[in-house]
There are 2 protein chains.
Amino acid sequence: MAPCRLDFWFDFASTYSYPAAMRIGALAAEAGVKVRFRPFLLGPIFKAQGWTTSPFNLYPAKGRHMWRDLERLCADLSLPFRRPDPFPQNSLLAARVALAGLERPPGEARWGEDFCRAVFRAEFGAGARIDDAAVIGDILAGLKVEPRPVLAAAQSDAVKARLRAQTGEAQRLGLFGAPSFVTADGELFWGNDRLEAALRWAKRVANSL
Amino acid sequence: MAPCRLDFWFDFASTYSYPAAMRIGALAAEAGVKVRFRPFLLGPIFKAQGWTTSPFNLYPAKGRHMWRDLERLCADLSLPFRRPDPFPQNSLLAARVALAGLERPPGEARWGEDFCRAVFRAEFGAGARIDDAAVIGDILAGLKVEPRPVLAAAQSDAVKARLRAQTGEAQRLGLFGAPSFVTADGELFWGNDRLEAALRWAKRVANSL
């Protein structure tokens, strides 16, 4: 049987990645699917198609709907919601720290996924600035993780290279937005709305191979 | 009590308007919500934001995902699927005929909604060209509607003006894509994925006013 696995690709600056990150744990557990959190940067991908900022800023009518839609969605999910300013946030530091946490050596405490959820909650639930090392440090401390060595590791050449490689992989996979979900057989699902369908596909792949 | 009503805005060229049009009847009946079919043209709205064709053509990665996603969606809904060529189709004639059918005088047979569903099925289920008067004529004949007078009425100044007015209203409502759903209190929901939420909202509005 193939691995019942789903890759969860997200950018911390991405609005709909917030509900996806908060929902995926319970839904994947229920479906028996193992999820890999894969932070990447949308910036280079947007730049390659000529966008210098979020499409929600470039197309104001689309942006207005997105904020209202996200607010409704969070209310339905009982998630706190507060629009961050500025938008989009610079997600580089958060992505590097997340990678450092997600890729800890075997045997060491794994706090990566909790960190990701806490970043999304701070950013879109409390309106915090996630490009601020003090905010990221507070999030780490709240998870009982010593901030100083993690923040230092996040600025290491190794972690920087890992994030560049991960973003390159996202580009090669044809990702064009976040959140995106990719199954073991390479099927791509884009958007928080597609999380359930992606989990169903991941199960089907595992059962059919 | 306020009217339990939902406006369903769509363009016949819009891919995700196909599953929305096929789903909305049964879901609205179940929810006790009265739906108004409101065809409009996305072209002028896209042009106003600098697009000369569908964003699915402008952004190929997004387009690739959309076609695959629509195919999966149709399979889940047991709807036929065939990609029309060219895409997008010119939807002007179909929209005018639809308006002529949707706005029939009281007492005359109302075939507008059936026509809309049949156009979507011909276009995205069988790959037919909906800018072809013969195709539209066949669809009308299949609904036991005499094609010739309807095709003539669709080219009348009155119907042309009605479609321009309807498209102008869509612009004033801030619509930026299709399908879109608007409740009696002006709440906007964009996308086939939001149909269920829009129906819930429409019910809530009716109950609270």
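You'll find the structure just up there.
Parameters and conventions
Residues numbered from 1 in each chain as written. Chains lettered and ligands numbered in written order. Predicted model: local features only at pLDDT ≥ 70, side-chain atom pairs only at ≥ 80, totals over all residues. Heavy atoms only, no water. Pairing = 2+ DSSP bridges. Helix = DSSP H or I, 4+ residues; strand = E, 2+ residues; numbered from the N terminus. Axes fitted to C-alpha atoms, helices over the stretch in contact; angles between N-to-C directions. Core = buried A, V, L, I, M, F, W, Y, C linked by side-chain atoms within 4.5 Å. Buried < 20%, exposed > 50% of the residue type's maximum accessible area, 1.4 Å probe, protein only. Expected span 1.5 Å × (residues − 1). Contact = heavy atoms within 4.5 Å. Buried area = accessible area lost by both parts, 1.4 Å probe. Salt bridge = Lys/Arg side-chain N within 4 Å of Asp/Glu carboxyl O. Polar contact = N/O pair within 3.5 Å; in protein donor to acceptor, adjacent residues only side chain to side chain. Least-squares fit on C-alpha atoms with pLDDT ≥ 70 in both.

Novice: Where do I start with the sheet that holds strand β4 (residues 188-190) of chain B in this structure?
Specialist: The pairing of strands in a sheet happens through backbone hydrogen bonds and is either parallel or antiparallel. Residue and element names in this part refer to chain B. Reading across the sheet, the 4 strands line up as β2-β1-β3-β4 and stay open at both edges, with mixed pairing between neighbours. The sheet terminates laterally at β2 (34-39) and β4, the two strands that pair on one side only. Neighbour to neighbour, the strand axes of the sheet diverge by 20 degrees on average, direction disregarded. Sheet analysis places strand β1 (residues 5-10) next to β2, joined by 6 bridges and oriented parallel. Bridge pairing in β2 links Phe-10 to Pro-39.

Novice: How do you make sense of the nonpolar core when you look at a structure like this?
Specialist: Formed by 60 residues in total, the largest nonpolar core has its most connected members in Phe-8, Phe-12, Val-97, Phe-115, Ile-136, Leu-140 and Phe-181 of chain A. At 8 residues, the largest contribution of residues to this core is made by helix α10 (residues 195-208) of chain A. In this structure, Tyr-18, Leu-41, Leu-73 and Leu-79 of chain B belong to the second largest nonpolar core, which totals 58 residues.

Novice: Could you clarify how one ought to interpret helix α6 (residues 112-126) of chain A in this entry?
Specialist: All names here are of chain A. Taking 1.5 Å per residue as the helical rise, α6 with its 15 residues ought to reach 21 Å, and the 20 Å between its terminal C-alpha atoms agrees with that figure. Those residues of α6 lying buried are Gly-112, Phe-115, Cys-116, Val-119, Phe-120, Ala-122, Glu-123, Phe-124 and Gly-125. Within two residues after α6, Gly-127 carries a phi angle of roughly 70 degrees, on the positive side.

Novice: What's the story with the sheet that holds strand β4 (residues 188-190) of chain A in this structure? I'm lost.
Specialist: Residue and element names in this part refer to chain A. One open sheet accounts for 4 strands, arranged β2-β1-β3-β4; its pairing is mixed. Edge positions in the sheet fall to β2 (34-39) and β4, since each has one partner strand and no second. The sheet shows a mean angle of 20 degrees between the axes of neighbouring strands, direction not considered. Strand direction decides the pairing type here: strand β3 (residues 180-183) and β4, joined by 3 bridges, are antiparallel. Residue pairing in the sheet places Ser-180 in a bridge with Trp-190 of β4. Where α6 meets the sheet, its contacts fall on β1 (5-10) and β2, and the angle it forms with β2 comes to roughly 60 degrees. Those strands touched by helix α9 (residues 157-172) are β1 and β2, and its axis lies near 110 degrees from that of β2.

Novice: Just to check I follow, could you spell out the pairing of strand β3 (residues 180-183) of chain B for this structure?
Specialist: For a regular strand, side chains alternate in direction, first toward one face of the sheet and then toward the other. Residue and element names in this part refer to chain B. What you see with β3 is no split at all: Ser-180 and Val-182 on one side and Phe-181 and Thr-183 on the other are buried throughout. By the bridge criterion, 4 bridges tie β1 to β3 in an arrangement that is antiparallel. When the bridges of β3 are listed, Phe-8 appears paired with Phe-181. Turn length for the β3-β4 hairpin, with the two strands adjacent in sequence and antiparallel, is 4 residues, and the turn residue Gly-186 shows positive phi of about 85 degrees.

Novice: Looking at this structure, I do not really get the interface of chain B and chain A. What am I missing?
Specialist: Quite often, the size of an interface is put as the accessible area lost when its parts meet. Listed by partner, the interface residues are 21 residues for chain B and 22 residues for chain A. Taking both partners together, chain B and chain A bury about 2,100 Å²; carbon and sulfur atoms supply 50% of that area. The tally of links from chain B across to chain A stands at 9 salt bridges. Measuring nitrogen to oxygen at the nearest pair gives 2.7 Å for the salt bridge that ties Asp-193 of chain B to Arg-194 of chain A. Our enumeration of links across chain B and chain A arrives at 14 residue pairs in polar contact (both at pLDDT 80 or more). Only α4 (60-77), β4 and α10 (195-208) of chain B provide two or more residues apiece to the side of chain B that touches chain A. Looking at the side of chain B that touches chain A element by element, the count peaks at 7 residues for α4 of chain B.

Novice: What should I look at first to understand unusual backbone geometry in this one?
Specialist: One can expect most non-glycine residues to show negative phi and most peptide bonds to be in trans. Cis rather than trans, the peptide bond between Asp-85 of chain A and Pro-86 of chain A has omega equal to 0 degrees. The amide bond that connects Ala-178 of chain B to the next residue, Pro-179 of chain B, takes the cis arrangement and shows omega of 0 degrees. At Ser-78 of chain A, a residue that is not glycine, the phi angle is positive and equals roughly 55 degrees. The topology assignment puts Ser-78 of chain A in the loop between α4 (60-77) and α5 (92-102).

Novice: Can you help me understand the relation of the copies chain B and chain A in this one?
Specialist: The operation relating the two chain copies consists of a rotation about an axis and a shift along that axis. Taken as rigid bodies, chain B and chain A are interconverted by a rotation of 180 degrees and an axial shift of 0.0 Å, the fit giving an RMSD of 0.0 Å. Interpreted geometrically, this transformation is the action of a two-fold axis. Relative to the rotation axis, the closest C-alpha in chain B is found at Asp-193 of chain B, a distance of 3.5 Å. In this assembly, 100% of the residues forming the interface of chain B have copies in chain A that are likewise at the interface, indicating an isologous arrangement.

Novice: Looking at this structure, I do not really get the pattern of salt bridges. What am I missing?
Specialist: Two side chains with opposite charge may pair up if their charged atoms get near one another. Inspection of every chain in the model, using the stated rule, returns 31 salt bridges over all chains. Of the charged contacts in the structure, one is a salt bridge between Glu-196 of chain A and Arg-23 of chain A, with a shortest N-O distance of 2.6 Å. Placement of Glu-196 of chain A in helix α10 and of Arg-23 of chain A in helix α1 (residues 17-31) is noted, with a sequence separation of 173 residues between them. The exposure class of Glu-196 of chain A is partly exposed, given its relative accessible area of 30%. Overall, the relative accessible area of 16% leaves Arg-23 of chain A in the buried class. Through salt bridges that share partners, Arg-68, Asp-69, Glu-71, Arg-72 and Asp-193 of chain A together with Glu-187 and Arg-194 of chain B make up one connected network.

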